[in-house]
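Single-letter residue listing:
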Amino acid sequence: MAPRKRPETQKTPEVVVRPKSKRNRSPWELEPEAKKLCLKGPGPSRRFDSGCLWAGLASLRVPPPCSIVRALHQHKLGTAAWPSLQQIGAGGSITGLKFNPLNTNQFFTSSMEGTTRLQDFKGNTLRVFASSGTCNFWFCSLDVSVRSRVVVTGDNVGNVILLNMDGRELWNLRMHKKKVTHVALNPCCDWFLATASVDQTVKIWDLRQVRGKSSFLYSLLHRHPVNAAHFSPDGAQLLTTDQKSEIRVYSASQWDCPPSVIPHPHRHFQHLTPIKATWHPRYNLIVVGRYPDPNFKSCTSHELRTIDVFDGSSGKMMYQLYDPESSGIMSLNEFNPMGDTLASVMGYHILIWSQEEAGKRK
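Not measured: the values here are computed from a predicted model. (Residues numbered from 1 in each chain as written. Predicted model: local features only at pLDDT ≥ 70, side-chain atom pairs only at ≥ 80, totals over all residues. Heavy atoms only, no water.)

A. Focus on the overall build of the protein chain. Within the protein chain, the secondary structure is distributed over two helices and 26 strands. The buried share among the 362 residues of the protein chain stands at 46%. The contacts in the protein chain between residues at least 6 apart in sequence include a share of 48% that link residues at least 24 apart. Surface accessibility of the protein chain: about 18900 Å² in total, with carbon and sulfur atoms responsible for 52%. (Helix = DSSP H or I, 4+ residues; strand = E, 2+ residues; numbered from the N terminus. Buried < 20%, exposed > 50% of the residue type's maximum accessible area, 1.4 Å probe, protein only. Contact = heavy atoms within 4.5 Å. Areas by Shrake-Rupley, 256 points an atom, 1.4 Å probe, with all protein chains shown as cover.)

B. Expanded view of the sheet that holds strand S13 (residues 192-197). If you walk across this open sheet you meet the four strands as S12-S13-S14-S15, and the pairing is antiparallel. Unpaired on one side and paired on the other, strand S12 (180-185) and strand S15 (218-221) mark the two borders of the sheet. Averaged over all pairs of adjacent strands, the angle between their axes in this sheet comes to 15°, without regard to strand direction. Two elements, S13 and strand S14 (residues 201-206), share five bridges in a ladder whose sense is antiparallel. Looking across to S14, one finds that Leu193 is bridged to Trp205. (Pairing = 2+ DSSP bridges. Axes fitted to C-alpha atoms, helices over the stretch in contact; angles between N-to-C directions.)

C. Fine view of unusual backbone geometry. One non-glycine residue, Arg149, adopts positive backbone phi at about 55°. Its place among the elements puts Arg149 in the loop between strand S8 (139-145) and strand S9 (150-155). Exposure remark for Arg149: the relative accessible area of 39% places this residue in the partly exposed category. With phi around 75°, Gln200 is a residue other than glycine that occupies positive phi space. Structurally, Gln200 is set in the loop between S13 and S14.

D. Highlighting the confidence of the model for the protein chain. Predicted confidence across the protein chain gives a mean pLDDT of 76, with 72% of residues reaching 70 or more. In this model, residues 1-77 is a region of pLDDT below 50 whose contacts with residues beyond four sequence positions or in other chains number 145 contacts. Within the model, pLDDT remains below 50 along residues 79-87, and this stretch shows 17 contacts once partners closer than five positions in the same chain are excluded. (pLDDT = per-residue confidence, 0-100.)

E. A look at the layout of surface pockets. In this structure, the second largest pocket occupies an estimated 270 Å³ of space. Looking at the second largest pocket, it is lined by 15 residues, and the ones nearest its centre are Arg290, Phe296, Ser298, Glu303 and Met317. For the lining of the second largest pocket, a count of residues per class yields six nonpolar, five polar and four charged. (1 Å grid on protein atoms, 1.4 Å probe; cavity = no way out; pocket = protein on both sides within 12 Å on 5 of 7 lines; lining within 4 Å. Points joined across faces, edges and corners; volume = space filled by probe spheres on them. Nonpolar A, V, L, I, M, F, W, Y, C, P; charged D, E, K, R; others polar.)

F. Seen up close, the side chain of Thr116. Mapped onto the secondary structure, Thr116 falls in strand S6 (residues 115-120). The buried category is assigned to Thr116, whose relative accessible area is 0%. Among all residues touching Thr116, those that are not within four sequence positions of it are Thr109, Ser110, Val128, Phe129, Ala130, Phe139, Leu142 and Thr153.

G. Summary view of the pairing of strand S11 (residues 169-174). Pairing of strand S10 (residues 159-164) with S11 involves five bridges; the strand directions are antiparallel. Its bridge partner being in S11, Ile161 is matched across the sheet by Asn172.

H. Spatial organisation of the sheet that holds strand S4 (residues 94-99). A sheet is described by the order of its strands in space; here four strands give the open sequence S4-S5-S6-S7, paired in antiparallel fashion. With one partner strand each, in any of the chains shown, S4 and strand S7 (125-131) form the two edges of the open sheet. Across the sheet, the mean angle from the axis of one strand to that of its neighbour is 20°, orientation sign disregarded. When strand S5 (residues 106-111) meets S6, the two strands line up antiparallel, connected through five bridges.

I. How the structure looks around the packing of aromatic side chains. Counting across every chain of the model gives eight aromatic pairs. On the numbers, 6.1 Å between centres and 40° between planes, the contact of Tyr218 with Trp255 is tilted. Of this pair, Tyr218 sits in strand S15 while Trp255 sits in the loop between strand S18 (246-251) and strand S19 (260-263), placing them 37 residues apart in sequence. Here Tyr218 falls in the partly exposed class, since its relative accessible area comes to 28%. Taken together, the aromatic side chains of Trp191, Phe192, Tyr218, Phe231, Tyr250 and Trp255 make up a single cluster linked through ring pairs. Lying over the aromatic face of Trp191, Arg208 brings its terminal NZ or CZ to 3.8 Å of the ring centre. (Phe/Tyr/Trp six-rings, centres within 6.5 Å; stacked < 30°, edge-to-face > 60°. Lys NZ or Arg CZ within 6 Å of the ring centre and 35° of its normal.)

Next comes the structure, spelled out in structure tokens:
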């Protein structure tokens, strides 16, 4: 996508509303309508101490996304009106989202509308942190630190902006030659910033010492544009995802050492939500959606579009998740803080994988 051309053909996500029943149904009552989710393991020889986390997923049944979110909302707010966030039209997709750690009824977003903002579930904008003022520039990523009370956001031409929680801009610098696809603050040392870009680099910065575009600590060159760079929960590793077939794991204590490379098919094209590998919040596991590539070395005929789980230390495949009734590409996968529930984004649909719900149905 050209940096100075805003896409006009991108569809606005649609919410499918099912016919209302005479009474609100709980997720348990929706079970007959639910989809069956499948779990595959690589075999008994590949055991792992956190494998129990995924036990029982084969029997999991998940209610339709609208219903499960509505049920959670009504559980918290009773029969309060269902919130509706105003759409901004074609080309206005959200590119990054973080819940406000200080108020779970609020969330930060970056978007192709050209803003990074704080808003609530009623659709109210509480604060605009950054605004391009033109359709030629938009924001592609964001992260938040409560400890340092800062917001960081990156745009489509390589700029990164650091602001405090009050919206005051601390600095605005062009840190990459092209789009900044991902920004991440280290969870243990939140003055440590990683930025990923389609210029084929991931750069590491010390926020206390940023003086210009050349003040990075390290620049990690990749063979292809990079979709994401995630610090591990303990801050000791960095996980990067390129736009072709590599997942890399860097050691935060030895940036100059060659990274561990996991070959994995997740090629990119314009109308696909970029696939981003992520960490499990409690175990050394890497989770990423698979987009089978006939040119990939280990590709087999009729390969499935699974969610792949790797051992973060050895790079070995541990498990593959697959829903036979939802065969789309799982581009984004996000765990809850406890790590016992996984939300997978597939186009306009979300699948919820939960060990707890599986256990209740045994």
